[in-house]
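Observations on chain architecture
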Amino acid sequence: MPEDMNINAVRDSFTESLAGASTLQELDEIRVKFTGKKGTLTQLLRSLGKLPPEKRKEIGQSLNTLRDEIENELDLAGRRIRDSENEKQEISERIDVTLPQKGRISGAFHPVLQTMHELADIMQGLGYSVASGPEVEEDYYNFECLNVPPWHPARDMQDTFYFPDGKLLRTHTSPVQIRSMLQYGAPLRIVCPGKVYRRDNDTTHSPMFTQMEGLLVDKNVSFSMMKGTMSEMLNAFFGKSLRYRFRASYFPFTEPSMELDMECVECSGHDAHCRVCHGTGWLEVAGMGMVHPNVIRAGKIDPDEYNGFAFGIGLDRMAMLKYGIGDLRLFFDGNISYFMSGFGGAEKC
Amino acid sequence: MLISWELLKNFIDIEPLNLTPEELAERLTFSGSEVEGITYCAGKMKSVIAAKIASLETHSADSKYSIAHLDTGAGIHVCITSAHNMKAGDMVFYAGEGAILPGGMELGARDFHGVMSYGMMLSAEELGLHDVDDPSGLLILPNDARPGDKAESLYHIGDVILDVSITPNRGDLLSHLGMAREIKGLYPKSTLKFPEWMRPLKQDKEWSEDFGKISLPDKGCYAYRLGLATGAKIADSPLTAKVDLAHLGMRPINNAVDVTNYVMLMLGQPLHAFDLNTLPAREITVRAAHDGEHMMTLDGKDRALTERDMLITSGGEAIALAGVMGGEQTGINPDTTTIVIESASFSPVRVGHTSRRLGINSEAAFRFARTVDPALSKSALMAASALMCEWCGADVSYKPLSAENEIHSPKAVTLTRKKLSTYLSWDNMNDAAKILEGFGITQLKGGDDEREFMPPTSRPDITIEEDLIEEIGRFRGYNETEERLPGEMPRRADIGQSMRLSAFVRNTLMARGYTEVLTYSFLPEDFPEKLRLPPDDIRAKPLTLANPISREQTAMRTTLLPGLLAGMKTAIASGWREPVRIFEQGRVFIREGDSHIEPEHVAGLIFNGMDIRSPSGNRNEDFYTVKADIESLITARGYNPVFVPGHETFTHAGQTADILVDGAKIGFAARLKPAIEQELDVVGVYVFELDMTSIAESRKPEFSPASSFPASFRDISIMAANDRRNDDIMTDIRESVNEAGNDDIQLDGLRLFDVYAGKGIPDGFRSMAYSMSYRSRVKTLTVDEVETLHNGVREAMKRKGYVIR
């Protein structure tokens, strides 16, 4: 059967041509040679009419199958060649991914402000709102309302910056206690993070530093509650359960008053040469107490009905402890090289 | 307050308690009086003993040395000294070969011109006793010492001193008596006792000298008493007393003055001793000073007084600023024989005012301002008299002269079970009463739920129930109390607008590459000049401190910019060559009439860095990259910032924009003035500062659905004069779309995509190319519709004077 032979010859010839093709252009040429208008296969299909009708159907089917085969193989080969050509192109476009980034990368936070925001968030979770007050404050709010009249020796505890008109830079965030009580009344839960100022400048004192005041006024407030609140706040901030101890102390605006020591976050008391706690195992972190009735009264709240607790915590100290920073004064000189150093120095070796 | 372990034993039996100084220190610290240090006065001292100079001869080879043979009770030792104040038979302290001095020095043997000397004989200084004796001579001991006695067992030389920090409410603890009472309270098993010299004295003789009246017209003097001592012999105090004073930080002067200081340290009552004959008149009046009156105090300073100050006068002449400091004339001199001892009680308020105003923090003022037990003035005077007799050999049997005003006596304070249990979660009223009794607070009325207590005169700090609770609390300690959280949560805890805004700003700017800084609120006084601010600028008149620490920290900032510039400078100075992108949020302080406001500002600074090279081309921060940061800040709050050409005295004249929100200026963005850049030795610093007040409240964005019909894009390229600003051209394009008018079609987007000047464009002009998108909300636009409109826009733009390219 010459037709059958022809079909096989075409297939063989196609297979041979395809094997030799390596570019899309060669594929095109093969396509024209076999399935183009004058292509070998097309010729055979055209010659079908000359066959006797009983053969026509069988041969026609074989030819169509061959055409489908050829087109399929051409498509496959085409895709294969395109892929390999792309791949070659991609390899020629290879870059050094270790070259530096273009444009900016993200900046860094200030440890004290980060501390401030974290603590405010933690305290919001405990039901405290954030209150604020002026930094240039009146003597009345900074001292007198807090049970510290002008003659009182407790004023020696806080060396104060004054303005010629008698106003002062607040020496603590405590004036916000009074302002908040006057503004919101009782019951009340507030924290006030902010800058405070004292006339003090040496290696461990900066004339400006930061504090967070906390105040809770309600009925039947106990020392237990203050204790629970302090440990909840500090455990959340340091992300671990720490030990605490309280020492009796004195602040004119609280009675009784205490100071809080926290287990050394660096050594937990296991290192006699610890650079953070100097081997004592404890760190002084906050002053606090039950709000003095005179202060409640100055806030126009009835001390027979309400009482409360208040605390003041040094944010700089918290930041130093959390981030292992040794020198307070580094916080306030705006030197980017210092702060970026905590972030792997992405733009620095 | 320095407390001597030895002297404490005069007032309390500590031995049965079996306490170490460290244990006591811990108990004191936890109960409110922090012990800041414990000093073992003998230090490293070892084998220093008393020895008798058996014989003394001058060294034959060098006459400035003397050779002593010392009897130590266990043999004779040869020791050479260059001192001259000893003689044979004297008792001295001897540190032999191998002995160690308090400072740690070990002694050896040494050859002095052929004579071996073993160890040394000691001066007071070498024993660590400053000001006790002449440092160039040997310390000659009283005869009660025996050869071989250890130095640390004699004259309190081996004392232990506690440095206790006394809180301002506890004036009563500024004495050994007070500290003993505190320890008695803390250790209920201990017993108080009193030293010999506090035994009652028979003082009933009339004064041997004429003396007029003591008048106290000023009620601020509660009591004023004078004791008389005649036939006194001014000399050194006994060695033990001198050692005690030196350990307690006070310089021994002479026996009469030392008595007053000693009694003050022991009992807490400030005293003054003076020669009766130096008094201007034999009369004392304590009165308020007159406004504008002057007096010369002991320290040689002329003090201007007010009527709140109290003066002690004699014959109309001021002899002392009451409770604060003596005057120049009165005092004890070596020839004094007739001594008057003054013991008085003053109002803490008055003394506090005077000492704070004048900045005098004398021992007396420090104590009076913290309240001295008024009951002490009598007993301290008697004790001082007894010591005056013992140390100065004076006759003190005269009846003291006294005058008194009303003395405030303590008032009863009620303790309720309810408050006690609320505060301390503990309510054993019987135990509470025992604790209070320990501190000398006596129960007046008993009861199950309520008891009444009377504080002693030494504890004026106890006036309210909370004070009693504190005594109980600090006795029991706070560490055992259970921990819990307050009950019901308040409904809506709010971190507040200011914190929210601040969190947003820092998150935004940090993500955009800025580093957060915090700089001082005070600036150098001349910062307005440095910024070239004109006098009428509100930032040019900062609030300034009356008592700054330094000139660099004097004026309250009115702008955050100087802090950022200083930060950049510091970074560069520390070797930072990378880009500087910093921002700060914080308050500035602006005068407003007689008062001031404290608006929250945010300011940023961008500097390409000292080395701008990079493999992807030079770093290229400029005005427009900073503009993107500001747009990000403001648009995310729901506001639309508008940048218009602006002016600041400290910024680049051609690269400054005012930033408007809702038509009002909230800040600026600019390149720093090149002259200031040159001062800082940098090129290309971009800055911005915004008052965040008006955008603190985040505005809710309004959403509108996108059109479901496709947009058609057309470009328009315009030639415009250089002074024609992009914002104006865009406004003209929008207007032109309105003029070309087609209600169905909106200008959906308008974007500048090219700015070109140079070849083909005349000088003074630039070509600006915009991409426009037209869209309808109701239908798909046909090409014809879009072409017709766009041509209309081109025509309208031509009519506005633009050349369309």
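Our subject in this report is the structure included herewith. All figures in this text were calculated on a predicted structure; none of them were measured in a lab.

Definitions and cut-offs
- Residues numbered from 1 in each chain as written.
- Chains lettered and ligands numbered in written order.
- Predicted model: local features only at pLDDT ≥ 70, side-chain atom pairs only at ≥ 80, totals over all residues.
- Heavy atoms only, no water.
- Helix = DSSP H or I, 4+ residues; strand = E, 2+ residues; numbered from the N terminus.
- Buried < 20%, exposed > 50% of the residue type's maximum accessible area, 1.4 Å probe, protein only.
- Contact = heavy atoms within 4.5 Å.
- Areas by Shrake-Rupley, 256 points an atom, 1.4 Å probe, with all protein chains shown as cover.
- Patch = residues over 30% accessible without salt bridge, like charges linked within 9 Å, V, L, I, M, F, W, Y side chains within 5 Å.
- Salt bridge = Lys/Arg side-chain N within 4 Å of Asp/Glu carboxyl O.
- Lys, Arg positive; Asp, Glu negative; His and termini not counted.
- Charge placed at Lys NZ, Arg CZ, Asp CG, Glu CD.
- Phe/Tyr/Trp six-rings, centres within 6.5 Å; stacked < 30°, edge-to-face > 60°.
- Lys NZ or Arg CZ within 6 Å of the ring centre and 35° of its normal.
- Axes fitted to C-alpha atoms, helices over the stretch in contact; angles between N-to-C directions.
- Parallel < 35°, antiparallel > 145°, perpendicular 65-115°, else oblique.
- Left-handed = near helix turned anticlockwise from the far one by under 90°.
- Nonpolar A, V, L, I, M, F, W, Y, C, P; charged D, E, K, R; others polar.

Helix and strand content of chain A: 11 helices and 9 strands. A burial count over chain A gives 55% of its 349 residues as buried. Contacts in chain A between residues far apart in sequence, at least 24 positions, make up 64% of those at least 6 positions apart. Surface exposure of chain A reaches about 16000 Å², of which carbon and sulfur atoms provide 49%.

Right, let's get into a negative patch on the surface. Residues and elements named next belong to chain A. On the surface, Asp 83, Glu 87, Glu 90 and Glu 93 cluster together to form a negatively charged patch. Along the chain, Glu 87 turns up in helix 4 (residues 53-92). Here Glu 87 falls in the partly exposed class, since its relative accessible area comes to 47%.

Counted according to the given criterion, the structure contains 24 aromatic pairs over all chains. Ring geometry for Trp 207 of chain B against Phe 211 of chain B: centres 5.5 Å apart, planes inclined by 55 degrees, an arrangement best described as tilted. Using a relative accessible area of 16% as the deciding quantity, one classes Phe 211 of chain B as buried. Lys 322 of chain A extends its terminal NZ or CZ atom over the ring of Phe 237 of chain A, reaching a point 4.2 Å from the ring centre. Over the ring of Phe 504 of chain B we find Arg 637 of chain B; its NZ or CZ atom is 4.9 Å from the centre of that ring.

Helix packing for two helices is described by the angle between their axes and how far apart those axes are. Relative to each other, helix 5 (residues 111-125) of chain A and helix 12 (residues 497-511) of chain B sit at 135 degrees, their axes nearing to 11 Å. Judged on the interaxial angle alone, helix 12 of chain B and helix 5 of chain A are oblique. Here helix 5 of chain A and helix 12 of chain B pass one another in a crossing that is left-handed. Seen from helix 5 of chain A, the contacting residues are Leu 113, Gln 114, Met 116, His 117 and Ala 120 of chain A; seen from helix 12 of chain B, they are Met 499, Ser 502, Ala 503 and Arg 506 of chain B. Grouping the constituent residues of the contact of helix 5 of chain A with helix 12 of chain B by class yields 5 nonpolar, 3 polar and 1 charged.

All names here are of chain B. Summed over the entire model, instances satisfying the criterion amount to 72 salt bridges over all chains. Of the charged contacts, one joins Lys 9 and Glu 15 as a salt bridge, the two residues approaching to 3.6 Å between their closest N and O atoms. Between Glu 471 and Arg 474 there is a salt bridge; the shortest N-O distance is 2.9 Å. Of this pair, Glu 471 and Arg 474 both sit in helix 11 (residues 465-476), 3 residues apart, roughly one helical turn. As far as burial versus exposure is concerned, Glu 471 and Arg 474 are alike and both buried. One continuous salt-bridge network, built from bridges that share partners, spans Arg 170, Asp 172, Glu 182, Arg 459, Asp 461, Glu 471 and Arg 474.

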